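Structural characterization, general
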Amino acid sequence: MTEMGPAMGPASPAPGGTATACHAPRSRSCRRAEEGLSAPGRPPSGAAPALLCLLLLLAACSPATGSSPGIKGRVTQRALEYGRHFGLELLRSLLQKEHELNLQGSYRPPFLGELQYTVPRIHIHELQMNDSSVDFAEDVGVRLAVQGARIQLSADWGAQLGTFQDSGVVRLRVGDLAVAVVLGLSVDKGGRPAVWAAGCDAHGTDLHVEFHRGQSWLYNLLVPLLRRTLRQQLNKQLCVELQKSISRLEASLKRMRVSPQLDPFAAIDLSLLGRPAITAEHGDVSLKGEFFGVDRRWQSPFSPKPVGLPKAREPMLLLAVTEFVANSAAFVYFTAGALRRNISGEALPRRFPLQLRTKSLGVFSPQLQEHFPDLPMELHLSARRQPLLSCRPDALHGTLFGSAEAFVVLPNATRVPAFLLDIDANVTGKPTITGNRLGGTVRLTSLSVAQVTSQVGPLQVKKLENVLKFGLWLFGVPWANKRLRSGVALPTPRGLSLEHPRLSLHEGFMLLATDLRYEP
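Counting restarts for each chain, with residues numbered from 1 along the sequence as it is written. Note on the predicted model: pLDDT of at least 70 is required for a residue's local features to be given, and 80 or more for side-chain atom pairs to be given and counted; whole-chain, interface and lining totals, by contrast, use all residues. As a convention, hydrogens and water are excluded, and side-chain values are obtained from all of the structure's heavy atoms.

Overview of the overall build of the protein chain
Basically, it comes down to this: Secondary structure elements are taken from DSSP: a helix is a run of H or I of four residues or more, a strand is a run of E of two residues or more, and numbering for both begins at the N terminus. Three labels apply to residues, based on accessible area from a 1.4 Å probe with only protein chains included: buried if under 20% of the type maximum, exposed if over 50%, partly exposed otherwise in between. Using a 1.4 Å probe, accessible areas were evaluated by the Shrake-Rupley method; residue-level cover was limited to the displayed protein chains.
The helix and strand inventory of the protein chain stands at eight helices and 21 strands. Sorting the 520 residues of the protein chain into buried and exposed places 47% on the buried side. Of the roughly 26400 Å² that the protein chain leaves accessible, carbon and sulfur atoms contribute 54%.

Some thoughts on a nonpolar patch on the surface
Applicable threshold: Note on patches: the residues involved have over 30% relative accessible area and no salt bridge, like charges join within 9 Å, and the nonpolar side chains Val, Leu, Ile, Met, Phe, Trp and Tyr join within 5 Å. Think of a salt bridge as a Lys or Arg side-chain nitrogen and an Asp or Glu carboxyl oxygen that are within 4 Å of each other.
A cluster of nonpolar residues, Phe-470, Trp-473 and Leu-474, forms a patch on the protein surface that exposes about 340 Å² of accessible area. Position of Phe-470 relative to the elements: it lies in helix H8 (residues 461-486).

What about the side chain of His-397?
The following threshold applies: Throughout this description, a polar contact denotes any pair of N or O atoms lying within 3.5 Å of each other; where both atoms belong to protein, one of them has to be capable of donating a hydrogen while the other can accept it, and for residues adjacent in sequence the pair is counted only when both atoms sit in side chains. Note on contacts: a residue pair is in contact if any heavy atoms of the two residues lie within 4.5 Å.
Within the secondary structure, His-397 sits in strand E16 (residues 396-409). Since its relative accessible area comes to 17%, His-397 is described here as buried. At 3.3 Å, the side chain of His-397 and the side chain of Asp-394 are in polar contact. Apart from the residues lying within four places of it in its own chain, the contact partners of His-397 are Leu-388, Leu-389, Ser-390, Arg-392, Val-427 and Thr-428.

A word on unusual backbone geometry
Its identity is not glycine, yet Asp-139 carries a phi of approximately 65°, on the positive side. Positionally, Asp-139 belongs in the loop between strand E5 (131-137) and strand E6 (141-161). Of note in the backbone geometry, Asp-176 takes a positive phi value of approximately 55° without being a glycine. Along the chain, Asp-176 turns up in strand E7 (residues 164-187).

Re the state of the cysteines
Let me state the cut-off plainly: Cysteine sulfurs are considered disulfide-paired once they come within 2.5 Å of each other.
All told, the structure shown has one disulfide when counted by the stated rule. Here Cys-200 is linked by a disulfide to Cys-239, with a sulfur-sulfur distance of 2.1 Å. Judged by the sign of its S-S torsion, about -85°, the bond between Cys-200 and Cys-239 is left-handed. One end of the pair, Cys-200, is in strand E8 (residues 193-212); the other, Cys-239, is in helix H4 (residues 216-254), with 39 residues separating them in the sequence. Relative accessible area serves as the criterion here: at 10%, Cys-239 is assigned to the buried category.

Looking at H8
Every α-helix winds through 3.6 residues per turn, so residues three or four apart in the chain are directed the same way. Condition: One fewer than the residue count of a helix, multiplied by 1.5 Å, yields its expected span. The bend at a residue is defined as the angle formed between two axes, one fitted to the seven residues ending at that residue and one fitted to the seven starting there.
Between the first and last C-alpha of H8 there are 36 Å, a value that for 26 residues agrees with the 38 Å anticipated at 1.5 Å per step. Within H8, the axis deviates most sharply at Leu-472, by approximately 45°. Taken residue by residue, H8 has Val-461, Leu-464, Glu-465, Leu-468, Gly-471, Leu-472, Phe-475, Gly-476, Val-477, Ala-480, Asn-481 and Leu-484 as its buried positions. On its buried face, H8 sits against strand E17 (414-434) and strand E18 (437-454).

Observations concerning the pattern of salt bridges
Inspection of every chain in the model, using the stated rule, returns 15 salt bridges. Residues Asp-515 and Arg-78 are paired through a salt bridge, measuring 3.3 Å at the closest nitrogen-oxygen approach. On the criterion of sequence distance, the pair formed by Asp-515 in strand E21 (residues 509-518) and Arg-78 in helix H3 (residues 77-95) is long-range, its members being 437 residues apart. Given a relative accessible area of 9%, Asp-515 falls into the buried group.

Observations regarding the packing of aromatic side chains
Stated precisely, the cut-off is as follows: Only rings of Phe, Tyr and Trp enter the pairing, Trp through its six-membered ring, and a pair is recorded when the two centres are within 6.5 Å. The plane angle decides the type: under 30 degrees is stacked, over 60 is edge-to-face, the rest tilted. Sitting over a ring, as applied to charges here, requires NZ of Lys or CZ of Arg to be within 6 Å of the ring centre and within 35 degrees of the ring normal.
Tallied over the full model, the rule gives three aromatic pairs. When the centroid spacing of 6.3 Å and the interplanar angle of 70° are considered together, the rings of Phe-265 and Tyr-333 count as edge-to-face. Of this pair, Phe-265 sits in the loop between H4 and strand E9 (266-269) while Tyr-333 sits in helix H5 (residues 323-335), placing them 68 residues apart in sequence. Accessibility classification places Phe-265 together with Tyr-333 in one group, the buried group. Stacked on the ring of Phe-292, the Lys or Arg Arg-297 has its end atom at 4.0 Å from the ring centre.

Notes on the environment of Glu-138
The topology assignment puts Glu-138 in the loop between E5 and E6. Residues within four places of Glu-138 in sequence aside, it is in contact with Ile-278, Thr-279 and Ala-280.

Considering the sheet that holds strand E12 (residues 317-322)
The condition that has to hold: Strand pairing requires that DSSP identify at least two bridges connecting the strands. To obtain each axis, a line is fitted to C-alpha atoms, and for helices this fit is confined to the stretch in contact; angles are then taken between N-to-C directions over 0 to 180 degrees.
Pairing is antiparallel across the open sheet formed by five strands, whose spatial order is E10-E2-E12-E21-E20. With partners counted over all chains shown, the strands left at the sheet margins are strand E10 (282-287) and strand E20 (496-506), one partner each. Averaged over all pairs of adjacent strands, the angle between their axes in this sheet comes to 20°, without regard to strand direction. Both E12 and E21 contribute to a ladder of six bridges, which runs antiparallel.

Description of the confidence of the model for the protein chain
Applied cut-off: Residue-level confidence of the predictor is what pLDDT reports, using numbers from 0 through 100.
Taken as a whole, the protein chain shows an average pLDDT of 81; of its residues, 84% reach a score of 70 or greater. Here residues 1-66 is a poorly scored stretch, pLDDT under 50, and it has 167 contacts once near neighbours within four places are set aside; other chains count.

Describing H5
Along its 13 residues, H5 runs 18 Å from first to last C-alpha, staying within 8% of the 18 Å computed at 1.5 Å per residue. With 11 of 13 residues buried, H5 lies mostly within the body of the structure. Elements that come into contact with the buried residues of H5 comprise strand E2 (71-76), E9, strand E11 (290-293), E12 and strand E15 (388-391). At the C-terminal side of H5, Gly-337 shows a positive phi close to 75°.

A word on the environment of Trp-298
Take Trp-298: it is sitting in the loop between E11 and E12. Ignoring anything within four residues of it in the chain, the contact list for Trp-298 reads Gly-293, Phe-331, Val-332, Thr-335 and Ala-336.

So, in structure tokens, the structure goes:
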């Protein structure tokens, strides 16, 4: 949620050694404390959930029947084309190293008896893949195809012909190699992305084999007879190694946390909804995107509405964040009693038209100055209802329902209730994005103040409301916009940045459209 300003925020602990005096009629703060809703010791942090990007690039999931996502993303064909280079580099790094093979077999050449051979390991020295393509495999996952590749490798070997034993090294060069791999994408029962090897085919027609050391002259004579067997084993082993790598990725995904805790009050559920829905043009990913309490999971009164993403091949990534995400966050923090803040006189600018002393606020209540001449005061701000946010094409619209309870601070540090006000405000905001930083601006559209109780006689509420509006217009809103303009860094994997990002507002959701850039 965007922080709208100093008038509504998390609670801060009262100064040590102070006591709040609760006199009849009981103040709203005292009633809430008795109901067990006192504010926790420290405010919610601004930590953001990490990663979304891996989910967006690995899985494409549509919402399950009867459930809509809070966050929905789309990866386009253009993103796959951009990622093809890095996919090939990954494939090369997986294959271009030493692999345990443990290949054993036998061959019976004419007149020589049975030849038994073993190949314990192979080492791939060179792998060239110039002609390649990547696309979506509809209803399955992602397909990577390589044509006309070349590979050079070496392998240790051992051989036994009757009682004669020998060993050495064999070098192989394979040309016109074709590899096709289909990575299946799914979701497990815990809402984590799941992958599997949906298909693999490797074959090369041009095979050159040369033996070294030992009785290599003899085995080189047998190469034409062994070429078919060696080619079949090599093609099979390439797919075996790729499947092992996919299995390691699957094991890593099983350990992924899909509900990270953000602070002492809230966590967010980023589990995937439903089964994959991949078309030939794009893949969609749907995340639940719901905040929930750390100590207790309250039933949220909100439910997400369906989100329709535009059909376009560009840009690489579309990400829709619905108003449900912000409202579920507001509900959790409000229910946890975290939307509170205590303000003392030192927290206000010196030029602010209202100062927290009885001499200043006595202008609106003459009895206040009479009973407590020129004493410091303290203001306890809290949300009496959860804030509401709606997204419309013109702006983000927020409604704040607050209460402000004023206390007089006596010389012995005791706090005496003076009056209680209801303060409601309507604000609008427009998000901005620059590079990887999300910012925005906010504007106060209306403010209303109503007296609830007073121990110092009636207040001049309308006059107080006008002065408060002026103070927020002069100091509060500029203070909030200064903080919002600097923005916050969006969490992205190392080396990945947003290229030409664009934000747009729609009915019920905010849409980020961006290209991606990767720099290792």
